[in-house]
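For reference, the chains in residue letters:
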Amino acid sequence: MILNVDDHEPGRYARTRLLMAAGYQVAEARTGVEALNLVTALRPSLVLLDVNLPDINGLEVCRRIKADAAAGATPVLQVSASSISNRDQAGALDNGADAYLVEPVDSDVLLATVRAMLRMRKAEVDLAAANELLQRKNEDLQRFAYMASHDLQEPLRTVATYAALLARRYGANLDNDAHQFLTHIQGGTSRMSLLIQGLLMYARAGLDGEEEKESVDLNRILASTINDLEQSVTESNATITFGDLPTVRGNAVFLTQLFQNIIHNAMKYRKPDERPMINVTAARGNADETEFVISDNGIGIPTEYQETIFAPFHRLHGFEVPGSGIGLATCQRIVERHGGRIWVESEGPGMGSRFHFTLRA
Ligand code: ADP
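Residues numbered from 1 in each chain as written. Predicted model: local features only at pLDDT ≥ 70, side-chain atom pairs only at ≥ 80, totals over all residues. Heavy atoms only, no water.

### A look at the overall build of the protein
Item 1. Regarding its fold elements, the protein presents 10 helices and 12 strands.
Item 2. In summary, the protein has a C-alpha radius of gyration of 32 Å against a globular reference of 21 Å for 361 residues, an excess of more than 25%.
Item 3. For the protein, the spread of C-alpha atoms along the principal axes amounts to about 105 × 50 × 35 Å.
Item 4. By the burial criterion, 38% of the 361 residues in the protein qualify as buried.
Item 5. Distance between charge centroids for the protein: 3 Å, based on 35 positive and 46 negative side chains. (Helix = DSSP H or I, 4+ residues; strand = E, 2+ residues; numbered from the N terminus. Rg over C-alpha atoms; globule rule 2.2 N^0.38 Å. Buried < 20%, exposed > 50% of the residue type's maximum accessible area, 1.4 Å probe, protein only. Lys, Arg positive; Asp, Glu negative; His and termini not counted. Charge placed at Lys NZ, Arg CZ, Asp CG, Glu CD.)

Here it is in C-alpha cells:
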C-alpha cells in the first residue's frame, strides 16, 4: 500500500494509475493533514509526498512522519517542482526523506525508485526481526546454561557425598586399588564441581539482570574479597597492597566476583619460588571513567595469549593448576555489563601481569 500525496489532481491521478498498474494498492491524500492522518490510519509501506501542499509544507509533513514513534520507519519519497534548489533537496533528505525526485519524474524512474525503497525497507524489517530472534535465542541459551549448571550440582553432590561415605565406613575393608579408584572419583567430582560453579557464575553474569544502580564502595568490596581469599593468601604468603578506591554505580555481587577472580589468579599463577606481590590501584581517567590496575609478579602471559585468555574455557594450563578457564570470561562479562573494558598487559613469561579494567565513576 502506497500513500500518494499531492494536491494537484491530474498529477496525483496519473501516479495512482501508474502505481496501480504496477500492482500496488494506492491511497490518496490532498493535504498535509490528510496525509498525516492516513499514515496513522493505514500504515502504508511507502509515502510518495509532494512538497507543495496547500496546508502544511511537504518537508514538514515528512519531518512529522519521521518523528512519529510508530510511523517513523515508513519510507518517504519526496517529489517537488523543478524550481527547488539543491539546498532544499538536501534539507528534505536531512529532514528524514529517504529519496528525492524532481519533476518531471519519468515513470520508469519513479517505479524503480519505489521498488528500490521497498526492497531496502524489507531488508531493514528482516534484519530487525533476525536481531530480535537472535536476542531471544541468546536469552534462552543463557537461561538454559544457568538452569543446567544449577541442576547439575545436585546429582554431583550425591556422588561426592557417597564416595566420601564409602571411604569413611568401608575404608578399612578396601584394598589399595579400591582406595585409588575412590581418590579418582573424588578428584573428578571436585573438578566437575569447579567447572559447574564456573559455568553458573558465567551464565549468571550474562543474564539480563536488575538495573545495576547501587552505589558500591570498592574499598569495602576489596576488603571483603581479601577476606574471602584468606586461605590462598596465607598458603601463598601473598602481600596485597592497594590505594584508595572510588565508589561506583554497579552490582556489588558481580564486582566482588571481578576482584576475586583476578586477585585469586594473581596468587594461583605465581612463580614457584617467589612470594606473590599484588597491587591494586585506581586512576580517574578522562570522561567519568576510572581505570583499575591489578598487577602481580607472577608467571606472566605470553603476548599471543593476552586476548584469548578472556574467551570462555581458554586456559594455558592443564590439570596441574585447577581451574575452569571461565574466570576471566566472567570478568569480561561483568566489566562489559558495567559499561567498561578489560585487558591485560604482560612483558611475557616470568614478567608478571597487569590486569586493567575500567568502570564508570
Ligand atoms: P582458570 O584460572 O580457571 O584457568 P581464567 O579464565 O581465570 O581460568 O584464566 C584463564 C587463563 O589465563 C589461565 O588458565 C591462566 O593461564 C591465565 N592467567 C590468568 N590470570 C593470570 C595471571 N595473573 N598470571 C598469569 N596467567 C594468568
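### What to know about the site of the ligand
Item 1. Taken together, 21 residues surround the ligand, and among them Asn-265, Tyr-269, Asp-296, Arg-315 and Leu-328 come closest.
Item 2. Ser-324 places a polar main-chain atom, nitrogen or oxygen, 2.9 Å from an oxygen atom of the ligand.
Item 3. Ser-353 is positioned such that a nitrogen or oxygen atom in its side chain is 3.4 Å from a nitrogen atom of the ligand.
Item 4. Relative to its unbound accessible surface of 530 Å², the ligand loses 98% to contact with the protein.
Item 5. Mapped onto the shell around the ligand, the elements with two or more residues apiece are helix 9 (252-268), helix 10 (327-337) and strand 12 (353-360).
Item 6. For the shell around the ligand, the class distribution of residues is 9 nonpolar, 9 polar and 3 charged. (Near = heavy atom within 4 Å. Polar contact = N/O pair within 3.5 Å; in protein donor to acceptor, adjacent residues only side chain to side chain. Areas by Shrake-Rupley, 256 points an atom, 1.4 Å probe, with all protein chains shown as cover. Nonpolar A, V, L, I, M, F, W, Y, C, P; charged D, E, K, R; others polar.)

### Focus on the nonpolar core
Item 1. Counting residues in each nonpolar core, the largest one holds 35 residues, and the members touching the most others are Leu-218, Leu-258, Phe-259, Ile-263 and Phe-357.
Item 2. Elements represented by at least two residues in this core include exactly helix 7 (218-228), helix 9, strand 9 (277-284), strand 10 (289-296), helix 10, strand 11 (342-345) and strand 12.
Item 3. Here this core gets 8 residues from one element, more than from any other, and that element is helix 9.
Item 4. Other than its neighbours up to four places away in sequence, Phe-259 contacts Leu-218, Ile-221, Leu-222, Thr-225, Leu-245, Val-280, Phe-292, Ile-294 and Phe-357.
Item 5. Ranked by size, the runner-up nonpolar core spans 17 residues in total, among them Leu-3, Leu-53, Val-61 and Ala-97. (Core = buried A, V, L, I, M, F, W, Y, C linked by side-chain atoms within 4.5 Å. Contact = heavy atoms within 4.5 Å.)

### Comments concerning the packing of aromatic side chains
Aromatic rings in a pair are described by how distant their centres are and how their planes are angled relative to each other.
Item 1. Applying the stated rule across the entire model yields 4 aromatic pairs.
Item 2. Judged by centre distance (6.2 Å) and plane angle (90°), the ring pair of Phe-259 and Phe-292 falls under edge-to-face. Taken together, the residues Phe-259 in helix 9 and Phe-292 in strand 10 connect sequence positions 33 residues apart.
Item 3. On the accessibility criterion, Phe-259 (0% relative accessible area) is buried.
Item 4. The class for Phe-292 is buried, based on a relative accessible area of 0%.
Item 5. Ring centres of Phe-292 and Phe-357 lie 5.1 Å apart, and the angle between their planes is 15°; this geometry places the pair in the stacked category. Taken as a pair, Phe-292 in strand 10 and Phe-357 in strand 12 lie far apart in primary sequence, 65 residues in all. An identical accessibility class is assigned to Phe-292 and Phe-357; each is buried.
Item 6. An aromatic cluster of at least three residues, connected via ring pairs, comprises Phe-259, Phe-292 and Phe-357.
Item 7. In this structure, Arg-333 packs its charged tip against the face of Tyr-202, placed 3.7 Å from the ring centre. (Phe/Tyr/Trp six-rings, centres within 6.5 Å; stacked < 30°, edge-to-face > 60°. Lys NZ or Arg CZ within 6 Å of the ring centre and 35° of its normal.)

### Describing the side chain of Asn-297
Item 1. Mapped onto the secondary structure, Asn-297 falls in the loop between strand 10 and helix 10.
Item 2. A distance of 3.0 Å separates a polar side-chain atom of Asn-297 from the backbone oxygen of Arg-275.

### Quick word on the packing of helix 1 (residues 9-21) against helix 5 (residues 107-170)
Helix-helix packing is characterised by the crossing angle of the two axes and by the distance between the axes.
Item 1. Direction vectors running N to C along helix 1 and helix 5 enclose 60°, while the axes themselves pass 11 Å from each other. Taken together, the axes of helix 1 and helix 5 are oblique relative to one another. Taken as a pair, helix 1 and helix 5 cross one another with a handedness that is right-handed. Residue-level inspection shows Arg-15, Leu-18 and Leu-19 of helix 1 in contact with helix 5, the latter providing Ser-107, Leu-110, Leu-111 and Val-114.
Item 2. By residue class, the composition of the contact of helix 1 with helix 5 is 5 nonpolar, 1 polar and 1 charged. (Axes fitted to C-alpha atoms, helices over the stretch in contact; angles between N-to-C directions. Parallel < 35°, antiparallel > 145°, perpendicular 65-115°, else oblique. Left-handed = near helix turned anticlockwise from the far one by under 90°.)

### Points about the sheet that holds strand 7 (residues 239-242)
Item 1. If you trace the 5 strands from one edge of the open sheet to the other, you get 7-9-10-12-11, paired in mixed fashion. Lying at the two open borders of the sheet, with one neighbouring strand each, are strand 7 and strand 11. Neighbour to neighbour, the strand axes of the sheet diverge by 15° on average, direction disregarded.
Item 2. Pairing of strand 10 with strand 12, which is carried by 8 bridges, proceeds in the antiparallel orientation. Of the residues in strand 12, the one forming a bridge with Phe-292 is Phe-357. (Pairing = 2+ DSSP bridges.)

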